[in-house]
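Breakdown of the fold
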Amino acid sequence: MKPIIQLLHFGYHQAMSCIFPTAIFGTLALSSVIEVPFVYRYDAILFILLTVQYLMYHSGLETRDEIKVICIFHCIGLLLEIYKVRMGSWSYPEPGLTKLLGVPLYSGFMYASVASFMCQVWRRLKMDMTGWPGLTSAGLLGGAIYLNFFTHHFIPDFRWWLTALVLIVFWRTWIIYRVRTITYRMPLTLAFIIVGFFIWLAENIATYFNAWKYPDQYQAWQLVSFSKISSWFLLVIISVIIVAQLKHVKARRKTKDSWSSYD
């Protein structure tokens, strides 16, 4: 009975951490069958997602620091989207007033939703890490991964070399998380793979509801290439690096403040 209770608590916190991603895919699904009069679909999606973020913050479901992380990821994602659309990797064929260089502004929220999940689940499961490689190693690796998303269009794709580096850099890193009174742990690289796989599943849902289209989906929808799992695997690493580093910085500030007040 106890394992079932633990699983239910774990599932509850996972579900609560997915509120913003669920809002995104729910909005994509509904907007594909329900037309808002006099408003382009992409513009309506942006307005709804901004409203969801506002409500989550003012209801206490998200903190100010988490909003900051989401904004960072929105900018990172939007920049990548603009570049990828320009290179022909995928497209946003529908019209919209809130499009920047052919990319609807809501698209950055799909990257930000990963950060939202990371922040939420970190707080809800009281997560921590052991064996963190430090800002220099993790930061350089994260920067190289992000840069490779841009450079592989005109120089060789180094994603598999970068994946090997991930295994080397993070081979001693474990995630520690707590469900009720019990503490669990998992290799960080395994968490990367699991989250990347589920994002790939979500991407199939998103393309099915015309959030965007890959070139091979113009005539008819088909399953997103399995190779995209590796892309999401690497993107998740960037999000974890940023979130984990911000959490470490915040923890150090709290420790410093507590010692200063003690003195």
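Each chain carries its own residue numbering, running from 1 in the written order of its sequence. Totals for whole chains, interfaces and linings use all residues, but because this is a predicted model, local features are given only for residues with pLDDT of at least 70 and pairs of side-chain atoms are given and counted only at 80 or more. With hydrogens and water set aside, each side-chain value is computed from the structure's full complement of heavy atoms.

What about the pairing of strand S5 (residues 182–187)?
Put simply, the test is: Whether two strands pair comes down to DSSP finding at least two bridges between them. To qualify as a helix, a DSSP run of H or I must reach at least 4 residues; to qualify as a strand, a run of E must reach at least 2; elements of each kind are numbered from the N terminus.
Note: strand S4 (residues 174–179) against S5, six bridges, orientation antiparallel. Bridge pairing links Ile-175 to Met-186 in S5. Linking S4 back to S5 in an antiparallel pair, the connection comprises two residues, with Arg-180 at a positive phi of about 55 degrees.

Focus on the sheet that holds S5
Hydrogen bonds between backbone atoms are what pair the strands of a sheet, whose relative direction is either parallel or antiparallel. Quick reminder of the rule: Interaxial angles span 0 to 180 degrees and are taken between N-to-C directions of axes, which are lines fitted to C-alpha atoms, for helices over the stretch in contact. Residue contacts follow a heavy-atom distance rule, with two residues in contact if any of their heavy atoms lie within 4.5 Å.
If you trace the three strands from one edge of the open sheet to the other, you get S3-S4-S5, paired in antiparallel fashion. Looking at strand neighbours, the two that pair on one side only are strand S3 (128–130) and S5, the edges of this open sheet. The sheet shows a mean angle of 30 degrees between the axes of neighbouring strands, taken without regard to direction. Against the sheet, helix H1 (residues 2–17) contacts S4 and S5, and its axis sits at roughly 105 degrees relative to S4. In this fold helix H8 (residues 188–208) packs onto S3, S4 and S5, with an angle of close to 80 degrees to the strand it touches most, S5.

Observations concerning the packing of helix H4 (residues 64–86) against helix H5 (residues 108–124)
The description of two packed helices rests on the angle between their axes and on the distance between the axes. Note the threshold: Comment on the angle field: the value is read as roughly parallel under 35 degrees, roughly antiparallel over 145, roughly perpendicular from 65 to 115, and oblique elsewhere. A clockwise turn of the near helix away from the far one marks a right-handed crossing, whereas an anticlockwise turn of less than a right angle marks a left-handed crossing.
Running from amino to carboxyl end, H4 crosses H5 at an angle of 150 degrees, the nearest separation of the two axes being 7 Å. With respect to H5, the axis of H4 lies roughly antiparallel. The handedness of the crossing between H4 and H5 is right-handed. Together, Glu-66, Val-69, Ile-70, Phe-73, His-74, Gly-77, Leu-78, Leu-80 and Glu-81 of H4 and Gly-108, Phe-109, Tyr-111, Ala-112, Ala-115, Ser-116, Cys-119, Gln-120 and Arg-123 of H5 make up the contact between the two elements.

Comments concerning the packing of aromatic side chains
Aromatic rings in a pair are described by how distant their centres are and how their planes are angled relative to each other. Stated formally: Stacked, edge-to-face and tilted are the three classes for Phe, Tyr and Trp ring pairs, Trp counted by its six-membered ring, which pair at centre distances within 6.5 Å; planes under 30 degrees apart are stacked, over 60 edge-to-face, the rest tilted. The criterion for a charge sitting over a ring is simple: Lys NZ or Arg CZ within 6 Å of the ring centre, and within 35 degrees of the ring normal.
Overall, the coordinates contain nine aromatic pairs when judged by the stated rule. On the basis of an interplanar angle of 85 degrees and a centroid distance of 5.6 Å, the ring pair of Phe-20 and Phe-109 is categorised as edge-to-face. Of this pair, Phe-20 sits in helix H2 (residues 19–33) while Phe-109 sits in helix H5; the two residues are 89 residues apart in sequence, bridging distant segments of the chain. Plain terms: the ring middles of Tyr-42 and Tyr-92 are 6.1 Å apart, the flat faces sit at 85 degrees to each other, and that makes the pair edge-to-face. With a gap of 50 residues between them, Tyr-42 in helix H3 (residues 41–58) and Tyr-92 in the loop between H4 and strand S1 (99–100) connect regions that are remote in the sequence. Here a set of aromatic residues connected by ring pairs shows up, and it is made of Phe-10, Tyr-177 and Tyr-184. One cation-aromatic arrangement involves Arg-185 over Trp-174; the distance from NZ or CZ to the ring centre is 3.9 Å.

So, the pattern of salt bridges
So the rule is basically this: Basic side-chain nitrogens of Lys or Arg form a salt bridge, by our definition, when they fall within 4 Å of a carboxyl oxygen of Asp or Glu. Type-normalised accessible area, obtained with a 1.4 Å probe on protein chains alone, sets the label of each residue: buried when under 20%, exposed when over 50%, and partly exposed for intermediate values.
By the definition in use, this model includes three salt bridges. Measuring nitrogen to oxygen at the nearest pair gives 3.0 Å for the salt bridge that ties Glu-94 to Arg-41. Of this pair, Glu-94 sits in the loop between H4 and S1 while Arg-41 sits in helix H3, and the two are 53 residues apart along the sequence. Its relative accessible area of 23% is what places Glu-94 among the partly exposed residues. Classification of Arg-41 as buried rests on a relative accessible area of 13%. Between Arg-123 and Glu-66 there is a salt bridge whose closest N-O contact spans 2.8 Å. Within this pair, whereas Arg-123 is found in helix H5, its partner Glu-66 is found in helix H4, the two being separated by 57 residues in sequence. Judged by relative accessible area, Glu-66 falls into the buried class, the value being 3%.

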